[in-house]
Amino acid sequence: MNEPKLNLTKSEASLMNIFWNANTPLTSVEIVTEHSTHEWNDSYIHKLLRSLQEKGVIEVSGTVQYGTQYARQFVATCSREEYAAKIALDTGINPNNIAKVAVAMVEQTGNTDKVISILEDIVNSLKE
């Protein structure tokens, strides 16, 4: 059975960027007070968190106490790069054409020497 396509809304993608940039577990309180440049209210944050959980891109990693209450901490279940790979595959790119996608991305960045060096390191580690 095929996995459902992973389509994030603009707000969900913004929230995922907060998780990826923080690289640490976050509570809804921390998202609102420390990380978000958006004017999201508490109920909207909870709606986004629930939706991202249902899509499998975040999960609960623990709890932390705030005064007399506890808040769940969330972490991303995939890296930004893993998400980009999933999106590419969801658009219909054949997995056998991954090398062509990598070449196209290198051409878009214009930083071929650095990317080639990184790709060579990756290929060598995969061969080991």
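Residues numbered from 1 in each chain as written. Predicted model: local features only at pLDDT ≥ 70, side-chain atom pairs only at ≥ 80, totals over all residues. Heavy atoms only, no water.

(A) Expanded view of the pairing of strand β1 (residues 58-66). In this sheet, strand β2 (residues 69-76) lies alongside β1 in antiparallel orientation, the contact comprising eight bridges. Directly across from Gly-62, in β2, lies its bridge partner Gln-73. Here β1 hands over to β2 after two residues, with Gly-67 in that stretch at a positive phi of 65°. (Pairing = 2+ DSSP bridges. Helix = DSSP H or I, 4+ residues; strand = E, 2+ residues; numbered from the N terminus.)

(B) Representation of the nonpolar core in the model. Leu-15, Met-16, Phe-19, Ile-31, Leu-49, Leu-52 and Ile-58 are the most contacted members of the largest nonpolar core, which totals 19 residues. Among the elements of the structure, α1 (10-22) and α3 (42-54) are those that each provide at least two residues to this core. With five residues, the single largest contributor to this core is α1. With residues up to four places along the chain from it excluded, the contact list for Ile-58 reads Met-16, Phe-19, Leu-49, Leu-52, Gln-53, Phe-74, Val-75, Ala-76 and Thr-77. (Core = buried A, V, L, I, M, F, W, Y, C linked by side-chain atoms within 4.5 Å. Buried < 20%, exposed > 50% of the residue type's maximum accessible area, 1.4 Å probe, protein only. Contact = heavy atoms within 4.5 Å.)

(C) Examining the layout of surface pockets more closely. Empty space within the largest pocket amounts to approximately 720 Å³. Ile-98, Val-101, Ala-102, Met-105 and Leu-119 are, among the 20 residues lining the largest pocket, the residues nearest its centre. Those elements giving two or more residues to the lining of the largest pocket turn out to be α4 (80-90), α5 (98-109) and α6 (112-127). With seven residues, α6 is the largest single contributor of residues to the lining of the largest pocket. Looking at the lining of the largest pocket residue by residue, the class counts come to 16 nonpolar, one polar and three charged. (1 Å grid on protein atoms, 1.4 Å probe; cavity = no way out; pocket = protein on both sides within 12 Å on 5 of 7 lines; lining within 4 Å. Points joined across faces, edges and corners; volume = space filled by probe spheres on them. Nonpolar A, V, L, I, M, F, W, Y, C, P; charged D, E, K, R; others polar.)

(D) Inspection of the packing of aromatic side chains at higher detail. What the rule picks out here adds up to two aromatic pairs. With a centroid separation of 5.6 Å and 45° between ring planes, the pair formed by Trp-20 and Tyr-83 is classed as tilted. Taken together, the residues span a long stretch of sequence, with Trp-20 in helix α1 and Tyr-83 in helix α4 at a distance of 63 residues. Tyr-83 shares its class with Trp-20; the two are buried. (Phe/Tyr/Trp six-rings, centres within 6.5 Å; stacked < 30°, edge-to-face > 60°.)

(E) A look at the pattern of salt bridges. Tallying each qualifying case throughout the model produces two salt bridges. A salt bridge links Glu-12 to Lys-55; its shortest N-O distance comes to 2.7 Å. In this pair, Glu-12 sits in helix α1 while Lys-55 sits in the loop between α3 and β1, placing the two residues 43 residues apart along the sequence. For Lys-55, a relative accessible area of 32% translates into the label partly exposed. The partner of Asp-90 in a salt bridge is Lys-86, with the nearest N and O atoms 3.1 Å apart. Taken together, the positions of Asp-90 and Lys-86, both in helix α4 and four residues apart, correspond to about one turn of that helix. When its relative accessible area of 16% is taken as the criterion, Asp-90 is described as buried. (Salt bridge = Lys/Arg side-chain N within 4 Å of Asp/Glu carboxyl O.)

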